[in-house]
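In case you want the letters, here they are:
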Amino acid sequence: MRPEPGTFRIVERLQRIGEDIQQEQLRYHRKRVLVSKEFTFDAAHHLHCYEGKCKNLHGHTYKVVFGISGIPGETGITVDFGDVKEIWKTQIEGYLDHQYLNETLPAMNTTAENMVVWIYEQMEAALQSEPYKTQIEGGRTEFVRLFETPTSYAEVRREWMLDE
């Protein structure tokens, strides 16, 4: 028996798989869904061929937001947030967090516009490799947003990356 919407009660018994819900009911649909996860990192850099304060060595607390889509698996999960965190921690963060970005990133001017594309490429490469390629049906990076300050960010989207 389902309670009326808007009514409140204390749950007396947790739903049990195999009794109250069947395994094949866990996935409600097969539509593409986007999930998002964000991380922060602190780093220093300076810009070349730029006249302004940013030509000097300085630092930021960056925030990066990933939008990753896929088709929900048998349990109704599209992309496990823990998998996104694992990719971030093992394959991306080490190049960025508490680093001098001009040394740890490929040769580039370390603008938010350049960095966000590099971050996108790293996440997309990870999603297309094992074990993620087989774990996440149709998993792909839809966007990456890199905040350099709380009010300033650069963004790259999948369609823009594919246009090239």
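Calculation notes
- Residues numbered from 1 in each chain as written.
- Predicted model: local features only at pLDDT ≥ 70, side-chain atom pairs only at ≥ 80, totals over all residues.
- Heavy atoms only, no water.
- Axes fitted to C-alpha atoms, helices over the stretch in contact; angles between N-to-C directions.
- Helix = DSSP H or I, 4+ residues; strand = E, 2+ residues; numbered from the N terminus.
- Parallel < 35°, antiparallel > 145°, perpendicular 65-115°, else oblique.
- Left-handed = near helix turned anticlockwise from the far one by under 90°.
- Contact = heavy atoms within 4.5 Å.
- Nonpolar A, V, L, I, M, F, W, Y, C, P; charged D, E, K, R; others polar.
- Buried < 20%, exposed > 50% of the residue type's maximum accessible area, 1.4 Å probe, protein only.
- Polar contact = N/O pair within 3.5 Å; in protein donor to acceptor, adjacent residues only side chain to side chain.
- Pairing = 2+ DSSP bridges.
- Disulfide = S-S within 2.5 Å.

Chemist: Got a minute to help me understand the packing of helix α1 (residues 81-96) against helix α3 (residues 112-127) in this structure?
Modeler: Think of two packed helices as two axes; the pair is described by the angle between the axes and how far apart they sit. Interhelical geometry of α1 versus α3 gives an angle of 140° and a closest axis separation of 10 Å. If you check the angle between α1 and α3, you find them oblique. Between α1 and α3 lies a crossing of right-handed hand. When α1 is examined against α3, the residues Val 84, Ile 87, Gln 91, Ile 92, Tyr 95 and Leu 96 are found in contact with a partner set consisting of Trp 118, Ile 119, Gln 122, Met 123, Ala 126 and Leu 127. Across the contact of α1 with α3, the residue classes tally to 10 nonpolar, 2 polar and no charged.

Chemist: Sorry, what's going on with the side chain of Glu 142 here?
Modeler: In this structure, Glu 142 sits in strand β4 (residues 140-149). Taking relative accessible area as the criterion, Glu 142 reaches 15% and is therefore assigned buried. A distance of 2.5 Å separates the side chain of Glu 142 from the side chain of Arg 140, its partner in a polar contact. Setting aside its immediate chain neighbours within four residues, Glu 142 contacts Arg 32, Leu 34, Gly 67, Ile 68, Ser 69, Val 156, Arg 157 and Arg 158.

Chemist: What is the right way to look at the sheet that holds strand β3 (residues 99-100) in this model?
Modeler: Strands in a sheet are paired, the pairing made by backbone hydrogen bonds, and the direction either parallel or antiparallel. With respect to topology, 5 strands assemble into an open sheet ordered β3-β1-β2-β4-β5, the strand pairing being mixed. Strands with a single pairing partner mark the edges of an open sheet, and in this sheet they are β3 and β5 (152-157). Relative to β3, strand β1 (residues 33-45) is paired through 2 bridges, and the arrangement is parallel. Pairing of Ala 44 across the sheet is with Tyr 100, part of β3.

Chemist: What exactly am I supposed to notice about the state of the cysteines here?
Modeler: Cysteine pairs can be linked by a disulfide, which is a covalent bond between their two sulfur atoms. In total, this model carries 0 disulfides according to the counting rule given. A disulfide-free cysteine, Cys 49 has its sulfur positioned 14 Å from the sulfur of Cys 54, the nearest such atom. Since its relative accessible area comes to 89%, Cys 49 is described here as exposed.

Chemist: Explanation requested: unusual backbone geometry in the structure shown.
Modeler: Most of the time, phi is negative for any residue but glycine, and the peptide bond is trans. Looking along the chain, the bond that leaves Glu 130 and enters Pro 131 is cis, with omega of 5°. Of note, Pro 131 is situated in the loop between α3 and α4 (132-135). Residues other than glycine seldom take positive phi values, yet Cys 49 does so here, at roughly 55°. Within the element layout of this structure, Cys 49 appears in the loop between β1 and β2 (58-70). A positive phi angle is found at His 98, which is not glycine, with a value near 55°. With respect to the helices, strands and loops of the structure, His 98 is situated in the loop between α1 and β3.

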